[in-house]
Amino acid sequence: MEILDANPSPKPRKNSTGKVILVNFCLLIVYLPIGLATAETGGYIALMLLLIQICFNLFAGFVMLFFRDSRSTAIGMMLSGFLIGIVAFGTCVGIFAVSEAWGGK
């Protein structure tokens, strides 16, 4: 007769940090043409969309970190929020420079 193991080894958790960062950077790539298409307003629409995305990522990451068990997703959301904040700052400065070079206000 075989003795059943009462505590089988737990299944390894999937690390979803990379997927979360990839999705957020894809959203960033979607915002770039929006910013260039609205060059007459100086790219403020793209800037607002990026700020909303950054705030959502940071807030959702903190909530998930403290109230859920999906630690890798929460870390991915917070990390992508910080990275997109850094990249978005440079991107928006570039959008403003391009809109001025093309005759924007």
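For clarity, every value in this text was computed on a predicted model and none was experimentally measured.

Rules and cut-offs
- Residues numbered from 1 in each chain as written.
- Predicted model: local features only at pLDDT ≥ 70, side-chain atom pairs only at ≥ 80, totals over all residues.
- Heavy atoms only, no water.
- Core = buried A, V, L, I, M, F, W, Y, C linked by side-chain atoms within 4.5 Å.
- Buried < 20%, exposed > 50% of the residue type's maximum accessible area, 1.4 Å probe, protein only.
- Helix = DSSP H or I, 4+ residues; strand = E, 2+ residues; numbered from the N terminus.
- Contact = heavy atoms within 4.5 Å.
- Patch = residues over 30% accessible without salt bridge, like charges linked within 9 Å, V, L, I, M, F, W, Y side chains within 5 Å.
- Areas by Shrake-Rupley, 256 points an atom, 1.4 Å probe, with all protein chains shown as cover.
- Salt bridge = Lys/Arg side-chain N within 4 Å of Asp/Glu carboxyl O.
- Polar contact = N/O pair within 3.5 Å; in protein donor to acceptor, adjacent residues only side chain to side chain.
- Expected span 1.5 Å × (residues − 1).

Draft legend 1. Region of interest: the nonpolar core. Grouped together as the largest cluster of nonpolar side chains are 8 residues: Leu28, Tyr31, Leu50, Ile54, Leu58, Ile84, Ala88 and Cys92. Within the residue set of this core, elements represented by two or more residues are α1 (17-37), α2 (44-67) and α3 (71-101). In this view, Cys92 contacts Leu47 and Leu50; residues no more than four positions away in its chain are not counted. Ranked by size, the runner-up nonpolar core spans 5 residues in total, among them Val20, Ala60, Met64 and Met77.

Draft legend 2. Quick peek at a nonpolar patch on the surface. The grouping of Phe59, Phe62, Val63, Phe66 and Phe67 at the surface amounts to a nonpolar patch, some 610 Å² of accessible area in total. With respect to the element layout, Phe66 can be found in helix α2.

Draft legend 3. How the structure looks around the side chain of Asn24. As for its placement among the helices and strands, Asn24 is situated in helix α1. Separated by 2.9 Å, the side chains of Asn24 and Ser80 make a polar contact. Dropping the residues within four chain positions of it, Asn24 is found in contact with Gln53, Asn57, Ser80 and Ile84.

Draft legend 4. Representation of the environment of Val87 in the model. As for its position among the elements, Val87 is in helix α3. Sequence separation between Val87 and Phe25 is 62 residues; the distance between their C-alpha atoms is 9.6 Å. Setting aside its immediate chain neighbours within four residues, Val87 contacts Phe25 and Leu28.

Draft legend 5. Geometry of α2. For α2, spanning 24 residues, the distance from its first C-alpha to its last is 34 Å, which sits close to the expected 34 Å at 1.5 Å a residue. For α2, every residue scored as buried is listed here: Ala46, Leu50, Gln53, Ile54, Asn57, Leu58, Ala60, Gly61 and Met64.

Draft legend 6. Region of interest: the environment of Phe25. On the secondary structure map, Phe25 appears in helix α1. For Phe25, a relative accessible area of 25% corresponds to the partly exposed category. In the structure, Phe25 is positioned 56 residues away from Gly81 in sequence and 9.7 Å away in space, judged by C-alpha atoms. Beyond its immediate sequence surroundings of up to four residues, Phe25 is in contact with Leu83, Ile84 and Val87.

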